[in-house]
Amino acid sequence: MLDKKRIEKYLKASIFGEYLYVFDEIESTNDHAKKLAAEGAPEGTVVLADYQKAGRGRQGRRWSSAAGKNILMSVILRPQLQVETVQRITLATADILIQSLEKYFEKERYKSPEFVVKWPNDILVGPEKLAGILTESSIRDKRIEYAVVGLGINVNQPAEELRKDVEEPLTSLCDLTQCEHDREKLIARLLNDLEDHYYYIERTNYDSVIEDWKKHCHQFGNEIIIETAVGIEEAKFRDVNAKGLLVYECPDGTVKELIAGRVRR
Ligand code: BTN
């Protein structure tokens, strides 16, 4: 089970993780973090769990993870961002997570694979998903009151086992390196990296985020399938705009931005 004291031992960050809640079992770390945020918990408050009874992914999907194997973490942010650019938070987190994983692989001398992002929130190695990010925010008076960034990272559960619950191709750190990983150390590293980068990003109003995120994305020009409330359409992945929204081209040449919907493929 996760050892809070060991996480704190490796933690260098002063704000991210200062308030750290660790549960053996919870419904969803995002739900608990949202409750704490609504009650006034400060930025950088972290909720972790060994097991989620109702772990959630994007678009109402389930996020499954065996007890004590993976990283299930939610962080409360209070960003000074315009509401319409809230998507930048997810992109920034994906970028920081990739950089953190790259540094970890280098430090531990594992052969580093190429980590890529799939719009907007999946971290993949090749076609296989390693981690996902679910950002949920509360808007008040046209300002972001808080955002909860939830991270699910497959660590010590082999993909073969994870795949029993999910149809999409998956991978985990233990599959990539053929060994188990110290979750407490990884969590602390990630929180340290989040704190290091977050305040820089925040000061620049997240301006560098889109360009940095694009460096890890291989989807430009790809044929994709867009699923929205009005239906399904084939399209081409064109760009990600300053708001962090996907820009796609329809078969008739019209260019649209995806405000709410899902990308298949
Ligand atoms: C996705 O890829 O669809 C996003 C998955 C996010 C899963 C994490 S696990 C910790 C946090 N709590 C949740 O219920 N979901 C997020």
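Here we summarise the structure given alongside this text.

Rules behind the numbers
Residues numbered from 1 in each chain as written. Predicted model: local features only at pLDDT ≥ 70, side-chain atom pairs only at ≥ 80, totals over all residues. Heavy atoms only, no water. Helix = DSSP H or I, 4+ residues; strand = E, 2+ residues; numbered from the N terminus. Rg over C-alpha atoms; globule rule 2.2 N^0.38 Å. Contact = heavy atoms within 4.5 Å. Areas by Shrake-Rupley, 256 points an atom, 1.4 Å probe, with all protein chains shown as cover. Lys, Arg positive; Asp, Glu negative; His and termini not counted. Charge placed at Lys NZ, Arg CZ, Asp CG, Glu CD. Pairing = 2+ DSSP bridges. Axes fitted to C-alpha atoms, helices over the stretch in contact; angles between N-to-C directions. Phe/Tyr/Trp six-rings, centres within 6.5 Å; stacked < 30°, edge-to-face > 60°. Buried < 20%, exposed > 50% of the residue type's maximum accessible area, 1.4 Å probe, protein only. Near = heavy atom within 4 Å. Polar contact = N/O pair within 3.5 Å; in protein donor to acceptor, adjacent residues only side chain to side chain. Salt bridge = Lys/Arg side-chain N within 4 Å of Asp/Glu carboxyl O.

### Comments concerning the overall build of the protein
Next, step 1: If you tally the helices and strands in the protein, you get seven helices and 12 strands.
Next, step 2: What you see for the protein is a C-alpha radius of gyration of 18 Å, in line with the 18 Å of a compact globule of 265 residues.
Next, step 3: Counting only C-alpha atoms and orienting by the principal axes, one finds that the protein spans roughly 55 × 45 × 35 Å.
Next, step 4: For the protein, contacts bridging at least 24 residues in sequence account for 64% of all contacts bridging at least 6.
Next, step 5: As displayed, the protein offers around 12800 Å² of accessible surface, 47% of which is attributable to carbon and sulfur atoms.
Next, step 6: The protein carries 39 positive and 45 negative side-chain charges, and their two centres are separated by 1 Å.

### Concerning the sheet that holds strand β10 (residues 246-249)
Next, step 1: The five strands are arranged β11-β10-β9-β8-β12 in an open sheet whose pairing can be described as antiparallel. Since the sheet does not close on itself, it has two edges, and those belong to β11 (255-258) and β12 (262-264), each with one partner. When the angles between neighbouring strand axes are averaged without regard to direction, this sheet yields 50°.
Next, step 2: In terms of strand pairing, β10 meets β11 through four bridges, oriented antiparallel. In the strand pairing of β11, Val247 is matched with Glu257.

### Some details on the packing of aromatic side chains
Next, step 1: Summed over the entire model, instances satisfying the criterion amount to eight aromatic pairs.
Next, step 2: Ring centres of Tyr104 and Tyr110 lie 6.0 Å apart, and the angle between their planes is 55°; this geometry places the pair in the tilted category.
Next, step 3: What makes Tyr104 buried here is its relative accessible area of 5%.
Next, step 4: When its relative accessible area of 23% is taken as the criterion, Tyr110 is described as partly exposed.
Next, step 5: Plain terms: the ring middles of Phe105 and Phe115 are 5.4 Å apart, the flat faces sit at 80° to each other, and that makes the pair edge-to-face. Residue Phe105 is found in helix α3 (residues 87-107), and its partner Phe115 is found in strand β4 (residues 115-118); the two are separated by 10 residues along the sequence.
Next, step 6: The exposure class of Phe105 is buried, given its relative accessible area of 0%.

### Quick look at the site of the ligand
Next, step 1: Residues in close proximity to the ligand total 21 residues, the closest being Ser28, Gln52, Arg56, Arg58 and Lys129.
Next, step 2: In the model, an oxygen atom of the ligand is placed 2.8 Å from a nitrogen or oxygen of the Ser28 side chain.
Next, step 3: Note that a nitrogen atom of the ligand is positioned 2.8 Å from one of the side-chain N or O atoms of Gln52.
Next, step 4: When residues in the shell around the ligand are grouped by element, the largest group, four residues, is from strand β6 (residues 128-140).

### Things to note about the pattern of salt bridges
Next, step 1: In the structure shown here, the tally under the stated rule is 20 salt bridges.
Next, step 2: Salt-bridge contacts for Arg6 lead to Asp182; the nearest nitrogen and oxygen are separated by 2.5 Å. Placement of the pair is Arg6 in helix α1 (residues 4-10) and Asp182 in the loop between α5 (173-177) and α6 (183-203), with a sequence separation of 176 residues.
Next, step 3: A salt bridge links Asp239 to Lys214; the nearest nitrogen and oxygen atoms lie 2.9 Å apart. Within this pair, whereas Asp239 is found in strand β9 (residues 231-240), its partner Lys214 is found in helix α7 (residues 209-215), the two being separated by 25 residues in sequence.
Next, step 4: You can call Asp239 partly exposed: its relative accessible area is 30%.
Next, step 5: Under the relative-accessibility criterion, Lys214 is labelled buried at 19%.

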